[in-house]
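Descriptive analysis of the structure
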Amino acid sequence: MIARLAIVFAWVMAVGAALFLLAPLLVIVAASFSPTPVFDLPIEGASLRWYGRIGKLDGFWPSLWLSLQIALLSTAISLVCGTLAAIAIARGKLPGASVFATALVSPLMMPGLVLGIALLQYFRAIAFTATWSALLVAHLVVTLPYVARTMISGLARFDFTLVEAARTLGCTYPGGIVRVMVPALAPSFLIAGLFSFLASFDNYPVSIFLADVRTKTLPIRMLQYIEEAPDPTLAALSTLILAGTVVLLFASDRLVGLHRMAGTSD
Amino acid sequence: MTEAVLALPAQKPAVDRERLTAFGFALPSFLILAGIFALPLLLLLGVSVIGPDGLTFANYRRLLGTPYYLGVIWNSLRLGLLTTIITLAISYPAAFALARARGAVRSLLLATLFLPLAASVIVKAFAWTILLRSDGVVNQTLMAFGIIEDPIRMIFTETALIVGTANIFLPFMILPIYAVVAQLDPRLSEAAATLGASPLVTFFGVIVPMTLPGIIAGVALVFSLSVSAYVVPTLLIGERYPTLATTIAKAYLLAREPGFGAAAGVVLLIIAIVVVALSTRLGREQAAR
Amino acid sequence: MTDAGLPHLIVRNVSKRFGATTVLDRIDLTIRRGELVTLLGPSGCGKTTLLRAIAGLAQPDQGHVELAGRDITLVPPHRRNVGVVFQSYALFPHLTVAGNVAFGLKVRGRGKAEIEATVERALSLVKLEHLAKRRISALSGGQQQRVALARAIAVEPDVLLFDEALSALDRKLREEMQVELRRLLQNVGATAIFVTHDQDEALTMSDRVAVMNKGRIEQLAEPRELYSRPASLFALNFVGLSTRIAGTVVGSQDGKVEVDTRVGRLSAMGNFVAGSPVVVAARPEHLRPGAVMDANSVAGRVRSVVFQGSRTLVDVDAGAGESLLAELSGRDAAMPRVDQEIRLTWPVSETFAFPAEARA
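Quick look at the structure, then. Chains are numbered independently. Their residues run from 1 in the order of the written sequence. For naming, the first written chain is A and the first written ligand is 1, with later ones following in the order written. Owing to the predicted nature of the model, reporting of local features is limited to residues with pLDDT of at least 70; listing and counting of side-chain atom pairs is limited to 80 or more, with chain, interface and lining totals taken over all residues. Heavy atoms throughout the structure, all of them, feed into the side-chain values; hydrogens and water do not.

Here the focus is helix α5 (residues 103-118) of chain B. Residues and elements named next belong to chain B. Only DSSP runs of H or I covering at least 4 residues are called helices, and only runs of E covering at least 2 are called strands; the numbering of each starts at the N terminus. Multiply 1.5 Å by the residue count of a helix minus one, and that product is the helix's expected span. Between its terminal C-alpha atoms α5 stretches 23 Å, which fits the 22 Å expected from 16 residues at 1.5 Å a residue. Its maximal kink placed at Thr 112, α5 deviates by approximately 25°, while the proline Pro 116 follows within four residues. Taking burial as the measure, the 16 residues of α5 include 12 buried ones, the bulk of the element. The cut-offs for exposure are 20% and 50% of the maximum accessible area for each residue type, with area from a 1.4 Å probe on protein chains only; residues under the lower value are buried, those over the upper are exposed, and the others partly exposed. Of the positions making up α5, those classed as buried are Arg 106, Ser 107, Leu 109, Leu 110, Ala 111, Thr 112, Leu 113, Phe 114, Leu 115, Pro 116, Leu 117 and Ala 118. Two axes enter the definition of the bend at a residue: one is fitted to the seven residues ending there, the other to the seven starting there, and the bend is the angle between them.

Bringing the sheet that holds strand β19 (residues 341-346) of chain C into the picture now. One open sheet accounts for five strands, arranged β15-β19-β16-β17-β18 (chain C); its pairing is antiparallel. On the outer flanks of this sheet lie β15 (288-289) and β18 (322-329) of chain C, each paired with one strand and no other. Strand pairing follows a simple DSSP-based rule, namely that at least 2 bridges must link the two strands.

Our next topic: the interface of chain A and chain B. Working rule for contacts: check all heavy atoms of both residues, and any pair within 4.5 Å makes them a contact. Residue-level contacts link 82 residues of chain A with 93 residues of chain B. Buried area: the accessible surface (1.4 Å probe) lost by two parts on joining, summed over both. Each partner contributes to the roughly 7700 Å² buried at the junction of chain A and chain B, and carbon and sulfur atoms together form 81% of this total. Contact with chain B buries area across many residues of chain A, yet Phe 20, Leu 21 and Met 109 of chain A alone supply 9% of it, more than any other trio. Whenever Lys or Arg places a side-chain nitrogen within 4 Å of a carboxyl oxygen from Asp or Glu, that contact is recorded as a salt bridge. Taken together, the links from chain A to chain B amount to zero salt bridges. The definition of a polar contact used here is a pair of N or O atoms within 3.5 Å, where within protein one atom must be able to donate a hydrogen and the other to accept one, and adjacent residues in sequence count solely through side-chain atom pairs. In this structure, the connection of chain A to chain B is made through six residue pairs in polar contact (both at pLDDT 80 or more).

What follows covers the pairing of strand β9 (residues 208-213) of chain C. Residue and element names in this part refer to chain C. Summarising burial for β9: six of the six residues are buried, a large majority. Neither face of β9 is exposed, since Arg 208, Ala 210 and Met 212 on one face and Val 209, Val 211 and Asn 213 on the opposite face are all buried. Pairing of strand β3 (residues 36-40) with β9 involves four bridges; the strand directions are parallel. By the bridge assignment, Thr 38 is partnered in β9 with Val 209. Summarising the sheet, β9 and strand β10 (residues 216-221) pair through five bridges and their orientation is antiparallel. Across the sheet, the residue bridging to Asn 213 is Arg 216, located in β10. Between β9 and β10, which follow one another and run antiparallel, lie two residues, and Lys 214 among them has a positive phi close to 50°.

All names here are of chain C. If you walk across this open sheet you meet the six strands as β6-β7-β8-β3-β9-β10, and the pairing is mixed. Only two strands of the sheet have a single neighbouring strand rather than two, namely β6 (82-85) and β10. Strand-to-strand twist across the sheet, computed as the mean angle between neighbouring axes with direction ignored, equals 20°. Pairing geometry for β3 and strand β8 (residues 192-196), over five bridges, is parallel. Considered in β8, the bridge of Leu 36 is made with Ala 192. Axis definition: a line fitted to C-alpha atoms, limited for helices to the stretch in contact. Angles are taken between N-to-C directions and run from 0 to 180 degrees.

Structural data, given as structure tokens:
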């Protein structure tokens, strides 16, 4: 009896949480169709004009391009470095492996803001003022912990005997890693890449301190738009991003399974 | 003696080679951590204590000595605490339901957890202003159902702020707890039942302790994220609720007081480090059991 | 064919330490081409480490390993041409059965047609041709084991190494595989080394067995010899059942000793000086009810009679804390009953004396 009540309660909370999480998203999608130039609800009628205006936002294309570049590059570099580090940790031959693992993941819990100002000071102190490069370097610290976390747990589940088997069949050690471990870890790799790309693309607290007047990432531009003149164009942009994410999540579920992205096995 | 002479020299290449490979693999990440994370933070510490005349603690005295800034620190902590408590209360039961779900329902629910992560926090926070305004959706719905007569003042209140942070950080609480709950062995509850434990006792005596690692991870993550939240407080409550985060931003972007901003940053950092250290230690104690 | 019987794998003076523990202690082992040898011993005796050293997955601190005429001590595993079948099979989950078997061939850069033919041959050897396209996760344990074997055989290694490869199978399947594996390997003319802690497996499958204890090979002999002429108390205890009685040597002559025990005077084969503490032992199938001149004989009370199908084990309390174990077959006359007084006798030529080991 109690058990049944408890289960009902659990489901109520779960559905409630889902609706709570969806609420702002629904607002955004609805507002994007507004016929009036106000980013607001309720809307009377529907219009697609704001979708057309996305490209015309002040400084939009350069910001988008910048954010994409930084996110893709920093993710790529972090994937390589983070995976290598995770292999070293998982193999157990690294002294202080667990301390290193904790250190790698720790930036996730550090206030991004503090990291931003710290990097600002630091780059100035070492006269590293090339904005684009500074952003890229800073985003390495943003993305690496995501990769490290996913790959460390993925590798913890990997059976290294498979690599030994490959070696007895004629592969060198690196060859064995590539031929056997990479395919087995592909799902973790995808998940790590996805999370770290999003973390970089959406990052505000670190980017704001390193950007300058000419070099602004998309989130910085978006806050600017919101504070200056919030019109539904921003809602339209967000809706497009959400739509893209829905497709991405659908594909991920097919390929890997969303429950595996959540960190559980079947 | 003769055996030692006849014995062939020790061969060590492979063992050291493996250790060398491990070092090599770890090196790039180590350099990133050391050069782009640790060093800048150390420099920050330095900046916070260097004034025009050399070493000074003036920034910290101002931060920790004036009632205003003590209030600011307390605001940050309170924001962290309230957000954590609310998200935990929602997430814990929700995780159990999620763990029981299968197939399309499970995928759908998980998608609602992952989807918000793709929307910019800026846009989400702004959406909440739309929802919570006097003529916003929430008020209009409540009036339509006759629950209230006049619109409730919600925007720019602490309530709005907490609703906002709870919304933004909810996935970060649910996911670690779900990961642990989904791996629970149902046979443990069965064993408890055969030993005479009622469902209540089984829950609090067996299940809750087993899910503790997930709870600790979620609490640590959400607390440290919400304590240092910047965008949500700026958009949902602004000047009315100054936090360490907004203080830092102001010090750097407006007032040009890098030393003071750095000190506030260090305080925020210390809070985050304490949380991480506590949760790691608690987590290790759990694992040792 | 004319190579058969020549020394093929030579392990010379191999030692290995992990920290303060000596895991392999000056191991010498020579295996002939086409021979099936088992390394038998309890966990921690070093058998797996020795196997891994031969495979190149562990590096000895000193010593040499030679295979097919060349010194492979410093050669990395991928150039040694050894085939390994792991306890967990280590099949690649992202490849099909055929993909797994073809792996070693692909790495060696063989042509597509050659690979297909070789894979088919290997799979038909293990009778799994019909499963070539199957995913690994869809296979049973026994099938996975055979795929692992086919994969190792496909590259025609100089030696096949089995690391407790049958231990994950259930008993009936295991016993079937033991016989089938031996037949297959003999047909192919393969040289193989098995590692196991299961003495029945060792005796079934091997041409010779190396009993290992604490990093040393205590005895290397054919199964029959190992069973009936164990070289040490450890080997005696590890393989088969036995009656063991402690005592002190009182006289010695012509390779025989007289031993004074708590259940009387016994004679055994061996060379010891008077006063040596020894353990006198005999295999159960030699103990018979009755009394025979010039043979050992001890009386006691039957403690238990255990029927095991083709044989019956009779445990006798000989008094003073000593026990006798006799194995009688169905063809023997009347089975003894519990609590029955009985006298058992056995020939001196099948009685052995070993130095009594100091209690560790």
